[in-house]
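Results of the structural survey
Spelled out from the first residue to the last, the chains are:
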There are 2 protein chains.
Amino acid sequence: MARIVQKFGGTSVADLDRIRAIAKRVKREVDAGHEVAVVVSAMAGATNQMVGWVNGISPLHDAREYDTVVATGEQVTIGLTALALQEIGVKARSWMGWQVPIRTDDVHGKARIESIDGTALLARMAQGEVPVVAGFQGIADDGRVTTLGRGGSDISAVALAAALKADRCDIYTDVDGVYTTDPRIVAKARKLDKITYEEMLEMASLGAKVLHTRSVELAMKERVRLQVLSSFTDAPGTLVVDEDEIVEKALVSGVTYTRDEAKVTLIRVPDRPGVAADVFGALADAAINVDMIVQNVSEDGRATDITFTVGRSDLPRAIQLLEPKAKALGCREVKPDASVCKVSVVGVGMRSHAGVARTMFDTLAAKGINIQVISTSEIKISILIDEAYTELAVRALHAAYQLDAA
Amino acid sequence: MARIVQKFGGTSVADLDRIRAIAKRVKREVDAGHEVAVVVSAMAGATNQMVGWVNGISPLHDAREYDTVVATGEQVTIGLTALALQEIGVKARSWMGWQVPIRTDDVHGKARIESIDGTALLARMAQGEVPVVAGFQGIADDGRVTTLGRGGSDISAVALAAALKADRCDIYTDVDGVYTTDPRIVAKARKLDKITYEEMLEMASLGAKVLHTRSVELAMKERVRLQVLSSFTDAPGTLVVDEDEIVEKALVSGVTYTRDEAKVTLIRVPDRPGVAADVFGALADAAINVDMIVQNVSEDGRATDITFTVGRSDLPRAIQLLEPKAKALGCREVKPDASVCKVSVVGVGMRSHAGVARTMFDTLAAKGINIQVISTSEIKISILIDEAYTELAVRALHAAYQLDAA
């Protein structure tokens with residue numbers, strides 16, 4: 001007997017038929033003798049509708065009231081899912097965040113879970129009842145309902161699995177696992193049977209949208225075995241696990257890409273101490289995240305170029321902020337470029353093998369793709385290229401690292 | 001300075017524009033220096049949609065989960081209304097039933113309010129904040145959300161007004177007050193400026209749908225001054241108050257009708273003790289409410305006819321139950337008749353004036369309308385007639401009691 005948390009996303013509970021279908025999946029685990037807790041998102045589209053209402057009434061809205069309205073989406077789904085389970089003979093009961101309770105801080109709209117008291121749920125599970133818990137929501141110390149921000153239901157599921165000491169947390173979604181790359185670009189993309197937390201974390205933050213970064217971080221920290229699988233097929237999914245559990249480590253596990261970044265180049269920045277701190281300090285103060293940074297070597301000892309990337313949606317604000325600053329510093333120009341793409345290769349095997357970067361540069365050079373910026377970590381290499389070459393680069397790298405399915 | 005509870009029904013909060021409009025009404029009271037608490041229903045149609053989902057998943061559903069789902073309707077509206085108030089500069093905060101708390105029994109789906117702790121709300125109101133409270137919902141002792149059944153938001157508003165010792169409870173709806181009769185039938189129907197609790201109670205239970213019977217009962221018991229008014233006009237509404245407050249008591253205040261009843265006649269029932277108890281006991285055991293009852297005098301001392309009315313939707317069950325029983329008792333026949341209408345005249349002035357019944361019978365006789373059953377109370381007379389004569393009877397009585405507008 002195992003203890004399992006099953007989490008179903010918005011498309012998996014989009015209408016009554018799908019809710020009935022996921023109830024059958026839950027019943028299968030219960031019938032197999034497992035203790036099961038379920039976490040559900042709002043019906044697909046419900047949250048967007050409510051966000052639209054809130055913004056319609058008050059564009060700069062009070063986040064407390066936003067949370068009160070938006071949290072109703074999950075409340076509807078837990079009730080309907082509990083009913084669907086009861087209807088096929090499974091004992092079930094819905095639980096809102098405040099009923100569990102799932103305690104969070106008071107940063108409304110993007111609260112963080114502080115603690116989950118699993119006592120009541122465990123008692124019910126021991127009696128064969130399935131708790132159906134609202135994802136995405138919790139309660140702050142002042143008794144107000146909070147929400148966790150987008151992707152929050154995954155975080156709820158992982159945190160609940162940790163609190164219940166579950167053997168596994170199954171994340172049901174509309175794809176059947178984690179792929180070596182985006183199957184819409186590379187037809188030969190393969191589903192991975194297993195992936196390490198570290199790789200999954202890199203892939204999530206590098207554009208693979210299957211899991212939310214914070215949920216992977218939490219799973220890694222709490223050592224929750226995650227499984228990503230489809231609620232529409234019976235295919236086995238991808239297990240996200242500790243590195244020890246993976247015997248044969250691939251050099252590269254996946255190729256990801258994101259078009260969410262934009263490049264900014266400061267041309268002829270005076271080459272003196274403190275300039276970089278001044279520029280990046282100003283961006284940080286404006287809560288603009290900077291990702292890749294390259295500073296060229298100064299040729300004449302007087303001025304250099306600094307290139308970096310910011311989120312594409314932050315680009316207009318970044319430029320507005322940088323132009324007066326660049327003028328004050330004596331730069332020649334601030335040059336924005338939104339038509340870039342970041343392509344990355346990820347794999348824990350890199351740690352022990354040289355030559356991964358070389359394969360990457362050779363492969364791109366052979367296709368005539370110019371690399372604009374490079375950044376690396378222990379288990380990933382990211383490069384910035386002209387976005388027109390995105391598909392070409394991803395396909396070439398996927399083949400070069402022998403990730404193509406046979 | 002007065003303390004006021006303002007309650008807005010589903011059509012008054014049906015969309016964002018209407019929510020903005022009611023926020024302005026609340027602001028007007030706040031600007032006039034009053035302490036205001038607001039109670040809102042779900043947006044028109046929202047509750048029905050959710051009831052449809054619940055029934056779609058589970059026709060014989062668990063009432064606890066029904067409540068969890070259906071209570072979300074009011075949760076959406078309190079958040080949006082609080083935001084609309086904030087947007088026009090009124091301090092406001094939403095409150096769900098469990099946050100207030102509004103404690104109820106655990107009869108899910110039609111719970112009764114047991115107590116409301118107004119402490120937190122009063123403290124906020126004293127600081128100039130407007131609490132926006134979810135109608136229709138509360139919390140049971142086991143921490144589960146409950147709902148009060150249809151019309152429940154009116155009850156929430158009255159109970160809250162009592163708990164806050166409010167000077168007035170304004171019920172905003174889509175009609176601008178209580179009328180002497182249904183204006184769709186009688187063009188000359190007049191809006192009443194004042195009506196007594198007792199009259200309002202009779203009229204609510206006799207088919208005037210403007211207020212829920214239970215909310216009037218509660219207002220009468222707690223002596224809450226009610227006002228019924230429209231959220232779409234600025235016309236003054238109807239005050240529901242103590243009899244002492246009404247100087248000139250009308251003989252008849254209103255004429256109501258309902259087509260929700262059906263007539264059953266047991267023909268040639270043996271005339272012996274215990275037969276009526278047997279018949280009506282069986283109906284009561286099946287939770288079938290009996291309203292009007294007439295038993296004819298037995299002519300031959302052996303058998304008589306018994307006529308009574310039940311809710312029209314209960315008629316098939318009543319007949320199914322009565323047929324074997326009638327056979328066993330030796331009755332000749334059970335005769336159902338669903339095409340009847342109950343017409344009533346209501347007025348506290350009746351207590352001190354004779355002749356009201358006589359005017360009723362004379363008026364109906366003059367129009368050739370046959371009276372099938374009569375029942376009376378201290379302040380009302382009801383008669384059952386063929387439903388084809390409904391409009392004719394209502395118009396004739398409205399004129400006969402001089403209720404027609406000039």
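The notes below deal with the structure included here. (Residues numbered from 1 in each chain as written. Chains lettered and ligands numbered in written order. Predicted model: local features only at pLDDT ≥ 70, side-chain atom pairs only at ≥ 80, totals over all residues.)

The next point concerns the overall build of chain A. Looking only at helices and strands, chain A has 12 helices and 20 strands in total. Principal-axis analysis of the C-alpha atoms gives chain A an extent of 75 × 55 × 30 Å. Taking all 406 residues of chain A together, the buried fraction comes to 49%. Restricting to contacts in chain A with at least 6 residues of sequence separation, those with at least 24 account for 75%. (Helix = DSSP H or I, 4+ residues; strand = E, 2+ residues; numbered from the N terminus. Buried ≥ 20, exposed ≤ 12 C-beta atoms within 10 Å, placed from the backbone. Contact = placed C-beta atoms within 7 Å.)

Another aspect to go through is the sheet that holds strand E10 (residues 194–196) of chain A. Residue and element names in this part refer to chain A. Ordered in space as E3-E6-E2-E1-E9-E11-E12-E10, the 8 strands form an open sheet in which the pairing is mixed. The sheet is open, and its two edges are formed by strand E3 (92–95) and E10, each paired on a single side. Between one strand and the next, the sheet's axes are offset by a mean angle of 20 degrees, whatever the strand orientation. Each of strand E1 (3–8), strand E2 (35–40), strand E6 (130–134), strand E9 (168–173) and strand E11 (226–230) touches helix H6 (residues 152–163); the most contacted strand, E1, lies at about 175 degrees to it. Here helix H7 (residues 197–205) sits on the sheet in contact with E10 and strand E12 (238–241), set at roughly 85 degrees to E10. (Pairing = 2+ DSSP bridges. Axes fitted to C-alpha atoms, helices over the stretch in contact; angles between N-to-C directions.)

Residues and elements named next belong to chain A. One ladder, built from 8 bridges, connects strand E14 (residues 261–270) with strand E16 (residues 303–311); its direction is antiparallel. When the bridges of E16 are listed, threonine 265 appears paired with threonine 307. Here 4 bridges tie strand E15 (residues 290–295) to E16, and the two strands are oriented antiparallel to one another. When the bridges of E16 are listed, glutamine 295 appears paired with isoleucine 306.

Further remarks concern the relation of the copies chain B and chain A. Screw-axis analysis of chain B against chain A gives a translation of 0.0 Å along the axis, an RMSD of 0.1 Å, and a rotation angle of 180 degrees. A rotation of that kind, with that shift, is consistent with a two-fold axis. The position closest to the rotation axis in chain B is occupied by the C-alpha of B:Thr72, lying 2.7 Å away. Taken as a fraction of all interface residues of chain B, those also at the interface in chain A reach 100%, which identifies the copy contact as same-surface. (Least-squares fit on C-alpha atoms with pLDDT ≥ 70 in both.)

What follows is about the interface of chain B and chain A. Of the residues lining the interface, 27 residues belong to chain B; the matching set on chain A comes to 27 residues. Mapped onto the side of chain B that touches chain A, the elements with two or more residues apiece are helix H1 (16–31), helix H2 (46–57), helix H3 (63–70) and helix H4 (72–87) of chain B. Considering every element that reaches the side of chain B that touches chain A, the biggest residue donor is H4(B), with 11 residues. Residue composition of the side of chain B that touches chain A, by class: 13 nonpolar, 11 polar and 3 charged. (Nonpolar A, V, L, I, M, F, W, Y, C, P; charged D, E, K, R; others polar.)

Residues and elements named next belong to chain B. Strand order in the open sheet formed by 4 strands is E13-E18-E20-E19, with antiparallel pairing between adjacent strands. Looking at which strands have only one partner, the edges of the open sheet turn out to be strand E13 (254–258) and strand E19 (373–377). This sheet shows a mean twist of 20 degrees between the axes of neighbouring strands, independent of strand direction. Contacting E13, strand E18 (340–346) and strand E20 (380–386), helix H7 (residues 197–205) runs over the sheet at an angle of about 175 degrees to E18. Those strands touched by helix H12 (residues 390–400) are E13, E18 and E20, and its axis lies near 10 degrees from that of E18.

Before going further, it helps to examine helix H8 (residues 213–222) of chain A. Residues and elements named next belong to chain A. Residues of H8 that are buried: Arg214, Ser215, Val216, Leu218 and Ala219. Where H8 is buried, its residues contact H6, H7, E11 and E12. Positioned one or two residues after H8, arginine 223 has a phi angle of 55 degrees, which is positive.

What follows concerns the packing of helix H4 (residues 72–87) of chain A against H3(B). The geometry of H4(A) relative to H3(B) is characterised by a closest axis approach of 7 Å and an angle of 160 degrees between their N-to-C directions. Taken together, the axes of H4(A) and H3(B) are roughly antiparallel relative to one another. Relative to H3(B), H4(A) is oriented so that their crossing is left-handed. Judged by residue contacts, A:Gln75, A:Val76, A:Ile78, A:Gly79, A:Leu80, A:Ala82 and A:Leu83 of H4(A) engage B:Glu65, B:Thr68 and B:Val69 from H3(B). (Parallel < 35°, antiparallel > 145°, perpendicular 65-115°, else oblique. Left-handed = near helix turned anticlockwise from the far one by under 90°.)

Judged by nonpolar contacts, the single largest core of 254 residues is most densely connected at A:Val158, A:Leu160, B:Val158 and B:Leu160. When residues of this core are sorted by domain, at least three fall in each of domain 1 (3–174) and domain 2 (244–406) of chain B. For B:Val158, the residues in contact, after removing those within four places along its chain, are B:Cys169, B:Ser215, B:Leu218, B:Ala219, B:Val224 and B:Leu226. (Core = buried A, V, L, I, M, F, W, Y, C linked by C-beta atoms within 7 Å. Domains from an automatic or database assignment.)

In this section: unusual backbone geometry. Residues and elements named next belong to chain A. Between valine 100 and the following residue, proline 101, the backbone shows a cis peptide bond with an omega angle of -10 degrees. Inspection of the secondary structure puts proline 101 in the loop between E3 and strand E4 (102–104). The backbone phi angle of glutamine 402 is positive, close to 55 degrees, even though this residue is not glycine. Tracing the sequence through the fold places glutamine 402 in the segment after helix H12 (390–400). Accessibility expressed as a C-beta count within 10 Å gives 9 for glutamine 402, which makes it exposed.

Here the focus is the environment of A:Arg168. Residues and elements named next belong to chain A. Turning to its location among the elements, arginine 168 is positioned in strand E9. Between the C-alpha atom of arginine 168 and that of valine 5, which follows or precedes it by 163 residues, the distance is 6.4 Å. If sequence neighbours within four positions are ignored, arginine 168 has contacts with Ala2, Ile4, Arg225 and Gln227.

H4(B) packs onto H4(A) with a crossing angle of 180 degrees between their chain directions and a minimal axis gap of 10 Å. Here H4(A) is positioned roughly antiparallel relative to H4(B), judged by the angle of their axes. Residues A:Thr72, A:Gln75 and A:Val76 of H4(A) pack against B:Thr72, B:Gln75 and B:Val76 of H4(B). The class makeup of the residues in the contact of H4(A) with H4(B) is 2 nonpolar, 4 polar and no charged.

Interpretation in functional terms is not warranted from these geometric data alone.
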